[in-house]
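Summary of the model geometry
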4 protein chains.
Amino acid sequence: MTDPDVRTSIMRAAYEALCEHGYTELTAQDIADRTDKSKSLLFYHYDSKEDLLADFLEFLFERFDDRVAETRDLPPVERLATFVDWFLYGPGENDRQSFHVAMLELRTQGPYNDRFREKLRKSDDQLREILEEILRDGLEAGEFRDHDPETTAAVLIAAFDGARIRQLTIGRDAYLEEVREGTATWVFDDLLAEDASFPADRDPRTLPENDHQHRLAADLGADTREADDETAERDRE
Amino acid sequence: MTDPDVRTSIMRAAYEALCEHGYTELTAQDIADRTDKSKSLLFYHYDSKEDLLADFLEFLFERFDDRVAETRDLPPVERLATFVDWFLYGPGENDRQSFHVAMLELRTQGPYNDRFREKLRKSDDQLREILEEILRDGLEAGEFRDHDPETTAAVLIAAFDGARIRQLTIGRDAYLEEVREGTATWVFDDLLAEDASFPADRDPRTLPENDHQHRLAADLGADTREADDETAERDRE
Amino acid sequence: MTDPDVRTSIMRAAYEALCEHGYTELTAQDIADRTDKSKSLLFYHYDSKEDLLADFLEFLFERFDDRVAETRDLPPVERLATFVDWFLYGPGENDRQSFHVAMLELRTQGPYNDRFREKLRKSDDQLREILEEILRDGLEAGEFRDHDPETTAAVLIAAFDGARIRQLTIGRDAYLEEVREGTATWVFDDLLAEDASFPADRDPRTLPENDHQHRLAADLGADTREADDETAERDRE
Amino acid sequence: MTDPDVRTSIMRAAYEALCEHGYTELTAQDIADRTDKSKSLLFYHYDSKEDLLADFLEFLFERFDDRVAETRDLPPVERLATFVDWFLYGPGENDRQSFHVAMLELRTQGPYNDRFREKLRKSDDQLREILEEILRDGLEAGEFRDHDPETTAAVLIAAFDGARIRQLTIGRDAYLEEVREGTATWVFDDLLAEDASFPADRDPRTLPENDHQHRLAADLGADTREADDETAERDRE
DNA sequence: GATGAATGAGATTTCATTCAT
DNA sequence: AATGAATGAAATCTCATTCAT
């Protein structure tokens, strides 16, 4: 896998195939179909389908790193609000949801698959680290009251993930807003120092729905525009 | 499916097969192997494997009802503690975990499968209802401070489910205790009226690990003993 | 594999497929094509193609037993002559040759395949035992001069097998007659007591070519007639 | 294929690959892996894998010629003893055996492959010629009694080859010694004139095992040293 | 000469489901 | 009610060979 373009195009195909078929029903052919290459080529670049998907997790992980870096200069409260939005984006973003459903299926293979689990773990470690960093920065900046960043991070991540999962799997969208509001009530109200507040346009209790500023494409990183063009071209053939 | 015994024996076989193989790798043969009947018979009783598994969800739902009923007479705080334990049982219960992993896989099929989703939804409705009932009972009894039961229920369920899922899929057990303690800090401390408290032996912050009083078998309901005998008999053949 | 007819029909199909395609090029489909059943059925009865072929070796072994039994009542010299004929049948028997070529390919997998090797070994043990028995019987009957049956058996089997192999693989038919005559000269002349002799019509040095009395079908046992009819019927469809 | 070095390095790679994988499982990649060049290059030099292997047979044939020439000056009895040793080397020479197993697999393709068969035939012709030459020289020199060199050569080659094949394929090493002793008893005892005898240290009946003076490398000819160095270099990269 | 990338044509196996009995 | 036998439709992976560079 010398050429990064090849990898990227396979990863994009895997992404699209996962969105359309889900993980359980995903076949190597589905991925190849979203490429301008043959199925055999997948096995030229990867030893197995599992191998390809493990690299897909790695790929997502790399992209996530970049997106995190972009928020590094925001003030803690702002970063925290962005963090909440990442998770609790609106239920109307269908493409994004279908991808997250597939990712959820893939995540459930962690217990059976060491390589998947390792990648998922790395991703989890990173996620907690960032949230803890935000919380600690807020403490230092005097914007947050005293609390234990580790448990708070764990609770927030678990609650957001749980809300998303329940919303996706049973289709009850209310979970998103209920958890947004519930965490605002139970956690953020207490967490924010008296003179701090969630940005007016980001208050979890007043913002009825995410403003879609983080579009689907965000999941795969920044170079969305060109990629979509490429896809379009392929479809025209 | 006239004979309830037949249904029960198939359900039990499905349960065992799910524990051993997971949902994704589950085959009709795996279920039949844990029965004293043939694979063909499964298709006599059910139109398809999906049909059988939809009934399995229904079956679990029925059993869950019974277990809920058993707690109906406990005082609200005690019931709440029991509720927490249901979710955050210790990471050492391997049999239980393997079943929950399989259930998690199955849950991820909700978005693709209307019948699964309907059952999951019913189950979710029931779960929230119970928790809300507990919270409302506590409010009425003056044991809980004023709060919104709906959002609180949603947050707790989401947080507990999210913790379990992350623990299971990435194998990071710390989530269980962190969320147990985090919810104790952020929610329960505020929730409990000044003169009320979690039962001494149930305080989420002091109880290092669940006491295993809810054993694996609980997942399938009360009639565990006979079932095991049945299994033993089959193995002897 | 309860029904012996099914096994027999699969074995016959394997036999025919081996004759036509050889072992190296043999596919499961080739075998299925010579059956009135589907390819899947082969995997219903056998865990793998290798498994099927191991059973094929076993099957041949069973049939060989029967053929050996038939010669048990012949006098030693006559049996020995029959033995020679088994090996050194004429080069013109094409069907038989193509089967033996395939068997030879299969035999070369012995070093890589424990199950094949075990069956081949069993078959070798049986073959040597029979020849040694013939030689010992001849000694007791005073028809053979004193010699060591074990080494003689080994030399004869090796020489006959080697002749066959070289004839088959390089297509030099002369090996058959040369080894027939060579063993007659070096071994049998010395072996036979003065007053004994190879049956007039069986003297290895005068019989220019095997009389085809042991036809191809012999390889698969006695029930050739019906089997061929069955094959014919299938071809007509 | 202008450069003989390139050919030699491919031939050596083919040899090593055959030893490790056998013929049936041999892939072009396996050969390329033992080269410092790419798989594509094999197809630049040869039209097909079959073509390469046909040349490999040719290559072996050329080397064999050289080794035969080396024995040309020995007295007939000595040459005959050397001949026996070539075939009946001890069972402990594992590297040599793995190569001979692969060659045996390759030989079984003769009936399906004209080019292979032609090379094998040439090799067989040469082998018989040499043995017949030895036998005739011995007759002329008065060291051997009167006999027919053609049939004797055929019997010996067949017996030795058969012994080797049975030893390799079923793993019964006894064949080697039994045939060594059997031929000594039935053929050589009669063959040698009264006043001639097998070299004391070469008598097939007293020499329990080949003295390994003909090492593995012999199979590929004399230039072993450099070849090993080359291999070592490759491994270091 | 030399190679990385690419592919078509299989091959083996799997499995839900059906059907005759 | 019960089952052994049977199958079609896939899915993963392999590999000799080709080709653009």
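Here the structure is a predicted model, which means the values were calculated and not measured. (Residues numbered from 1 in each chain as written. Chains lettered and ligands numbered in written order. Predicted model: local features only at pLDDT ≥ 70, side-chain atom pairs only at ≥ 80, totals over all residues. Heavy atoms only, no water.)

**Quick look at helix α9 (residues 174–191) of chain A**
When the terminal C-alpha atoms of α9(A) are compared, their 24 Å separation across 18 residues agrees well with the 26 Å that a helix rising 1.5 Å per residue should span. The largest bend along α9(A) reaches roughly 40° and is located at Ala184(A). Buried residues of α9(A): Tyr175(A), Leu176(A), Glu178(A), Val179(A), Arg180(A), Gly182(A), Thr183(A), Ala184(A), Trp186(A), Val187(A), Phe188(A) and Leu191(A), and no others. Looking at the buried positions of α9(A), the neighbouring elements they touch are α5 (76–87), α7 (114–140) and α8 (149–170) of chain A together with α7 (114–140), α8 (149–170) and α9 (174–191) of chain B. (Helix = DSSP H or I, 4+ residues; strand = E, 2+ residues; numbered from the N terminus. Expected span 1.5 Å × (residues − 1). Bend = angle between axes of the 7 residues up to and from the residue. Buried < 20%, exposed > 50% of the residue type's maximum accessible area, 1.4 Å probe, protein only. Contact = heavy atoms within 4.5 Å.)

**Regarding the UniProt feature "DNA-binding region" (unreviewed entry) in chain A**
UniProt records the feature "DNA-binding region" (unreviewed entry) at residues 27–46 of chain A, using the numbering of this structure. Secondary structure content for residues 27–46 of chain A is 65% helix and 0% strand, and the end C-alpha separation is 14 Å. (UniProt positions renumbered as here; feature names shortened; annotations may be inferred.)

**Here's the deal with the relation of the copies chain C and chain D**
With an RMSD of 0.1 Å, the fit of chain C onto chain D corresponds to turning through 180° and sliding 0.0 Å along the axis. The symmetry that links the two subunits is that of a two-fold axis. Both copies share a contact surface, since 100% of the interface residues of chain C are interface residues in chain D too. (Least-squares fit on C-alpha atoms with pLDDT ≥ 70 in both.)

**Let's talk about the packing of α7(A) against α8(B)**
Running from N to C, α7(A) and α8(B) point in directions that differ by 135°, and their axes come no closer than 9 Å. By the angle class used here, α7(A) and α8(B) are oblique. On the side of α7(A), the interface is formed by Arg117(A), Leu120(A), Arg121(A), Asp124(A) and Leu127(A), while α8(B) contributes Arg166(B), Thr169(B) and Ile170(B). Along the lines of polarity and charge, the residues of the contact of α7(A) with α8(B) split into three nonpolar, one polar and four charged. (Axes fitted to C-alpha atoms, helices over the stretch in contact; angles between N-to-C directions. Parallel < 35°, antiparallel > 145°, perpendicular 65-115°, else oblique. Nonpolar A, V, L, I, M, F, W, Y, C, P; charged D, E, K, R; others polar.)

**Here we look at the interface of chain C and chain D**
Across the contact, 49 residues belong to chain C and 49 residues belong to chain D. Summing the contributions of chain C and of chain D, the shared interface buries around 4,100 Å²; its carbon and sulfur component is 63%. Contact with chain D buries area across many residues of chain C, yet Arg166(C), Ile170(C) and Trp186(C) alone supply 18% of it, more than any other trio. Across the chain C-chain D interface, the total number found is four salt bridges. Across the pair Arg166(C) and Asp161(D) runs a salt bridge whose closest N-O atoms are separated by 2.7 Å. Here the side of chain C that touches chain D takes 16 residues from helix α8 (residues 149–170) of chain C, the largest share from any one element. (Buried area = accessible area lost by both parts, 1.4 Å probe. Salt bridge = Lys/Arg side-chain N within 4 Å of Asp/Glu carboxyl O.)

**Remarks on the interface of chain B and chain A**
Facing 49 residues of chain B, the contacting portion of chain A comprises 49 residues. Between chain B and chain A the total buried area reaches about 4,100 Å² when both faces are included, carbon and sulfur atoms providing 63% of it. Counting the surface chain B buries against chain A, the share from its top three residues, Arg166(B), Ile170(B) and Trp186(B), is 19%. At the boundary of chain B with chain A, the tally comes to four salt bridges. Counting every contact that joins chain B to chain A gives 14 residue pairs in polar contact (both at pLDDT 80 or more). Among the residues forming the side of chain B that touches chain A, the class breakdown is 22 nonpolar, 14 polar and 13 charged. (Polar contact = N/O pair within 3.5 Å; in protein donor to acceptor, adjacent residues only side chain to side chain.)

**Comments concerning the nonpolar core**
Looking at soluble globular proteins, one finds that nonpolar side chains tend to be buried together. Of all hydrophobic cores here, the largest spans 125 residues; its most connected members are Phe188(A) and Phe188(B). Residues Val187(C), Ala28(D), Leu106(D) and Leu191(D) belong to the second largest nonpolar core, which totals 99 residues. (Core = buried A, V, L, I, M, F, W, Y, C linked by side-chain atoms within 4.5 Å.)

**Concerning the packing of aromatic side chains**
Each aromatic ring pair is characterised by the separation of its centres together with the angle its planes make. Scanning all chains against the criterion turns up 26 aromatic pairs over all chains. Where Phe56(B) meets Phe99(B), the ring centres are 6.3 Å apart and the plane angle is 85°; that geometry is what we call edge-to-face. Remark: Phe99(B) occurs in helix α6 (residues 94–107) and Phe56(B) occurs in helix α4 (residues 49–71); sequence separation between them is 43 residues. Here Phe56(B) and Phe99(B) have matching classes, each one buried. Seen in terms of ring centroids, Tyr23(C) and Phe116(C) are 6.5 Å apart; in terms of plane orientation they differ by 75°. Their pairing is edge-to-face. Within this pair, whereas Tyr23(C) is found in the loop between α1 (4–21) and α2 (28–33), its partner Phe116(C) is found in helix α7 (residues 114–140), the two being separated by 93 residues in sequence. The same class applies to Tyr23(C) as to Phe116(C), namely buried. Grouping aromatic residues by their ring pairs yields a cluster made of Phe64(A), Phe83(A), Trp86(A), Phe87(A) and Phe160(A). A cation over a ring is seen here: Arg164(B) above Tyr89(B), with NZ or CZ 3.7 Å from the ring centre. (Phe/Tyr/Trp six-rings, centres within 6.5 Å; stacked < 30°, edge-to-face > 60°. Lys NZ or Arg CZ within 6 Å of the ring centre and 35° of its normal.)

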